[in-house]
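# Per-entry structural report
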Amino acid sequence: MAGDTPPAPLPSRDALRRFLREAPGRVGKTEISRHFGLGTEQRPALRALLRELEQEGTLLRDTGRQVRHSTLLPEMAPVEVFGTDPDGEPLARPLDWRGEGRPPLVHMRPERPGQPALAPGDRVMARLKPIGPFRYEGRTFKRLGRSETARILGVYQEGRLQPTDRRQKAEWSVAPEDAAGAEPGELVLAEPLPGRPFGLSPARIVERLGPMEAAGAVSILCIHAHRIPDAFPPEAVAEAEAAAPVGLAGREDLRALRLVTIDGEDARDFDDAVWAAPEEAGWRVVVAIADVAHYVRPGSALDRAAWGRGNSVYFPDRVVPMLPEALSNGLCSLRPDEERGCLFVEMRFDAHGQKLGHRFGRGLMRSLARLTYEQVQAARDHGAPSELPGGEIANLYGAFAALHAARQKRGTLDLDLPERRVLLDPDGQLRDVLPRQRLDSHRLIEEFMVAANVCAAEELERLAQPLLYRVHDRPSDAKLEGLRQFLDSFDLDLPAAGELRPIHFARLLERMEGRPEARLLHETVLRAQSQAAYAPENIGHFGLALARYAHFTSPIRRYADLVVHRALIRGLKLGPDGLTPEEIARLPDTGEHITRTERRAAAAEREAVERYLTLHMASRVGSMFAARISGVTRFGLFVTVEENGAGGLVPLSSLPDDQWIFEEAERRLSGRYTRLAFTLGQEVELRLADAMPLTGGLVFELLQGAPPPGARRSRVRIAPGKGKGTAKGAATAGAAAR
């Protein structure tokens, strides 16, 4: 009988995740039990399973006993506007997004007559209604106040404002009385004004930033777009300028130690110096770091300014420093032949790179030389010229070889992604964009810094001192699933999530070494990783395969390192300027804050390089390029140029007429009639159709447009798809790319 039918087995975590993801809204245990055919005696096990999914972030609990998948939004939620669609209507993202991947897109309805139009940065409580996968319609229920980000960055052109953010598709109108005297072609900041039901939304210019064609305009644009503070309070500058050099009192004398700094050719602040020497069957290594804590005291104006900035931001033509120049390029910078205060760690390693011991102290040092990575590498490869300290360089490489061997044995995630170097002429105008070489000298300094950072974390744990760890979680299950689908196309795989270690990624990359798809694999593995963060609770560092890790080596440019210095000073009783009880109480807030500022800085630096690259490519519109497909979507293909790493879009509208079918799992776009197919990693030939310096966008056209012999052509513009995935419309070949 039906009543005698035994209950179904408890669903797997994957099955339950899939059910919650596909459910139309909130569900309770009753709906879950009914769907999977569970009995009442299985309720405790189901509750335990739901708790596990809640802990991993897959589900969220709403009011009452109902739950929902973390990718589903509640009926009412706070959102922040980030751009506009082609019709000028606001686009928003949820503020409190805890799901995996990009947050859902919210299409905000127009505001009531008389209300100011929603502008990027505005935050509102919105009523949400699902209108498609990861898409919602939003109506303003309550304004949460105009944040300081509610502004528009754009270029003024005769009564109109063209946004520099490619996510803002519509222009704004500027009345003559609201133009603040701006000239056409000027980069400006504006604020939205109360809207009108038809036409362009109005705006008022509040700050003029200079001509868009001027040298340095790219950096100025990125500084303002990402809201990076670039002016110090007068009291902070006064404190920095009043600072004096340190003396030997209370410090160890390291002036006889032949420490050297090794940095990039264009570096301005030198916060670490290194020395190494053979010792018995191993190596003795000293890493000396600028003593920023001596000058930046807790609660001072300098400290408040440094905390607010969180870190320095580096652009091709300038630096927005965390500390005023009197310190960052002056008294804190370890310049050659100048006495400087430092915190140092002395480390001892055996011949295999295993640490035997370490010791921290506060010292007075004098750098022997300011070396560049290129100089050090050339000295290693071809012998040091007489003006360079050849013996010191040889010892540094000897210690590096031991540390590098230990790293390889440990099995770390080492992604070799080429960086780009922007070359400017003396007037600040763009000359070229070239790949930045990664040398063994870079790896040498990286190994020394990692070793010193590990020692800092270990020492503070030994002293039972609070600290900010540098933490890096393993990849999420959702990202791993996407990565596995990508690896399937190369007959590669990864162990189960619970068994996954960084060495497994390293072996994947080794297997692909030398293949054309190697760079794409590096990029895809990088996108699958979690983002590193700062936190007072330790979860280890997955990428470096380390149980504990803290940033100690760059206090001139990172506030996290300054916190670690203060903790060491407090724990080792090295002076009165250690970590205070007030700082300890706010460590969680500090960790969250400087994690945000670090990501803000990375985004601004990345955008600046991309915009310079777009300027560089603008002179080559119409040229042909070898490239590789780096992303497949319903609206087109993302491509990366092999020559210089420039990325752009091949819009669906530029592909041959066809019924194009998007197969998401296979990451493929297929033509039903032309039999053309485009997949992730595929080599393609491109023509640059458009370069848009205003928004930093590049648009390409594929040269692989001719159908194979015997193929049919379709003139259908919009057609429903069949097969896997969702079919999207076709478009006329040669249509203008937008």
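Residues numbered from 1 in each chain as written. Predicted model: local features only at pLDDT ≥ 70, side-chain atom pairs only at ≥ 80, totals over all residues. Heavy atoms only, no water.

## A look at the overall build of the protein
Looking only at helices and strands, the protein features 16 helices and 34 strands. When each of the 738 residues of the protein is scored for burial, the buried share is 51%. Across the protein, the fraction of contacts at a sequence separation of at least 24, relative to all contacts at a separation of at least 6, is 67%. About 34,300 Å² of surface is accessible on the protein, with carbon and sulfur atoms providing 50% of the total. (Helix = DSSP H or I, 4+ residues; strand = E, 2+ residues; numbered from the N terminus. Buried < 20%, exposed > 50% of the residue type's maximum accessible area, 1.4 Å probe, protein only. Contact = heavy atoms within 4.5 Å. Areas by Shrake-Rupley, 256 points an atom, 1.4 Å probe, with all protein chains shown as cover.)

## So, the sheet that holds strand 5 (residues 105–108)
If you walk around this closed barrel you meet the five strands as 3-4-5-7-6, and the pairing is mixed. On average, adjacent strands in this sheet sit at an angle of 50° to one another, irrespective of strand direction. Both strand 3 (residues 76–84) and strand 4 (residues 90–94) contribute to a ladder of five bridges, which runs antiparallel. Counted as the bridge partner of threonine 84 is proline 90 from strand 4. (Pairing = 2+ DSSP bridges. Axes fitted to C-alpha atoms, helices over the stretch in contact; angles between N-to-C directions.)

## Some details on the sheet that holds strand 10 (residues 172–173)
Strand order in the closed barrel made by the five strands is 8-9-10-12-11, with mixed pairing throughout. Bridging between strand 10 and strand 12 (residues 201–211) involves two bridges; their strand directions are parallel. The partner of serine 173 across the bridge, within strand 12, is proline 202.

## A closer look at the pattern of salt bridges
A full pass over the atoms with the stated rule returns 47 salt bridges. Note that arginine 318 is salt-bridged to aspartate 317, the shortest N-O span being 3.1 Å. Residue aspartate 493 is joined to arginine 484 by a salt bridge in which the shortest nitrogen-to-oxygen separation is 3.9 Å. Judged by relative accessible area, arginine 484 falls into the buried class, the value being 18%. (Salt bridge = Lys/Arg side-chain N within 4 Å of Asp/Glu carboxyl O.)

## Examining the pairing of strand 12
Relative to strand 12, strand 11 (residues 186–192) runs antiparallel, the two sharing seven bridges. Its bridge partner lying in strand 12, proline 192 is registered against alanine 203.

## Regarding the side chain of serine 219
Counting through the fold element by element, serine 219 comes out in helix 4 (residues 217–225). Residue classification places serine 219 among the buried residues on the basis of a relative accessible area of 0%. Discounting residues that sit within four places of it in the chain, serine 219 has contacts with Phe315, Asp317, Arg318 and Tyr612.

## What about the nonpolar core?
It is characteristic of soluble globular proteins that their nonpolar side chains tend to be buried jointly. Core analysis: the largest hydrophobic core is formed by 89 residues, its most contacted members being Ile262, Val274, Val287, Leu327, Met347, Phe448 and Phe552. If you tally residues by element for this core, the top one is helix 10 (residues 440–462), at 10 residues. The residues contacting phenylalanine 448, other than those within four sequence positions of it, are Val274, Ala276, Val285, Val287, Met347, Leu396, Ala399, Phe400 and Leu403. With 40 residues, the next largest nonpolar core counts Val609, Ala627, Val650 and Leu698 among its residues. (Core = buried A, V, L, I, M, F, W, Y, C linked by side-chain atoms within 4.5 Å.)

## What to know about the packing of helix 6 (residues 301–309) against helix 14 (residues 559–572)
Two elements in contact, helix 6 and helix 14, have axes whose closest approach is 9 Å; the angle formed by their N-to-C orientations is 130°. Taken together, the axes of helix 6 and helix 14 lie oblique to each other. Contacts from Asp303, Ala306 and Trp307 of helix 6 reach helix 14 at Tyr559, Leu562 and Arg566. (Parallel < 35°, antiparallel > 145°, perpendicular 65-115°, else oblique.)

## Details of the packing of helix 6 against helix 16 (residues 587–618)
Orientation of helix 6 relative to helix 16, taken along the N-to-C sense of each, is 60°, at an axis distance of 8 Å. In terms of orientation, helix 6 and helix 16 fall into the oblique class. Contacts from Trp307, Gly308 and Arg309 of helix 6 reach helix 16 at Asp589, Thr590, His593, Thr597 and Arg600. Within the contact of helix 6 with helix 16, the residues separate by chemical class into one nonpolar, four polar and three charged. (Nonpolar A, V, L, I, M, F, W, Y, C, P; charged D, E, K, R; others polar.)

## Here we look at the environment of alanine 402
Counting through the fold element by element, alanine 402 comes out in helix 9 (residues 390–410). Measuring from C-alpha to C-alpha, the distance between alanine 402 and glutamine 354 comes to 8.1 Å, with 48 residues separating the pair along the chain. Leaving out residues up to four positions away in the same chain, alanine 402 has contacts with Trp283, Asp350, Ala351, His352 and Gly353.

## Details of helix 14
An ideal rise of 1.5 Å per residue puts 20 Å on 14 residues; helix 14 measures up with 20 Å between its terminal C-alpha atoms. Burial runs high along helix 14: 12 of the 14 residues are buried. The complete set of buried residues in helix 14 reads Tyr559, Ala560, Asp561, Leu562, Val563, Val564, His565, Arg566, Ala567, Leu568, Ile569 and Gly571. Immediately downstream of helix 14, the backbone of lysine 573 shows phi near 55°, a positive value. (Expected span 1.5 Å × (residues − 1).)

## Things to note about unusual backbone geometry
In this model, aspartate 337 sits at a positive phi of 65°, which is unusual for a non-glycine residue. With respect to the helices and strands, aspartate 337 occurs in the loop between helix 7 (325–331) and strand 19 (339–350). In this structure, alanine 545 takes a positive phi of about 55° despite not being glycine. Checked against the element boundaries, alanine 545 lands in the loop between strand 25 (533–535) and helix 14. Overall, alanine 545 belongs to the partly exposed group, its relative accessible area being 28%.

## Describing the packing of aromatic side chains
The final tally for this structure, using the stated rule, is six aromatic pairs. Their ring planes at 90° and their centres at 5.9 Å tell us that phenylalanine 635 and phenylalanine 638 sit as a pair that is edge-to-face. Note on phenylalanine 638: relative accessible area 35%, which makes it partly exposed. Here the basic side chain of arginine 309 rests over the ring of phenylalanine 232, its NZ or CZ set 3.5 Å away from the ring centre. In this structure, arginine 470 packs its charged tip against the face of tyrosine 534, placed 4.6 Å from the ring centre. (Phe/Tyr/Trp six-rings, centres within 6.5 Å; stacked < 30°, edge-to-face > 60°. Lys NZ or Arg CZ within 6 Å of the ring centre and 35° of its normal.)

## Examining the side chain of arginine 362
With respect to the secondary-structure elements, arginine 362 resides in strand 20 (residues 355–366). In this structure the side chain of arginine 362 is engaged in a polar contact, spanning 2.8 Å, whose partner is the side chain of aspartate 291. (Polar contact = N/O pair within 3.5 Å; in protein donor to acceptor, adjacent residues only side chain to side chain.)

## Some details on the confidence of the model for the protein
Model confidence for the protein is summarised by a mean pLDDT of 85, while 88% of its residues fall at 70 or above. Every residue in residues 711–738 scores below 50 in pLDDT, and together they form 72 contacts with partners more than four places removed in sequence or on other chains. (pLDDT = per-residue confidence, 0-100.)

## Comments concerning the environment of threonine 695
For threonine 695, the location among the structural elements is in the loop between strand 32 (683–692) and strand 33 (697–702). By relative accessible area, which is 17% here, threonine 695 ends up buried. Separated by 533 residues in the primary sequence, threonine 695 and glutamine 162 have C-alpha atoms spaced 9.5 Å apart. Contacts of threonine 695, omitting those with residues within four sequence positions, involve Pro163, Thr164, Arg166 and Arg611.

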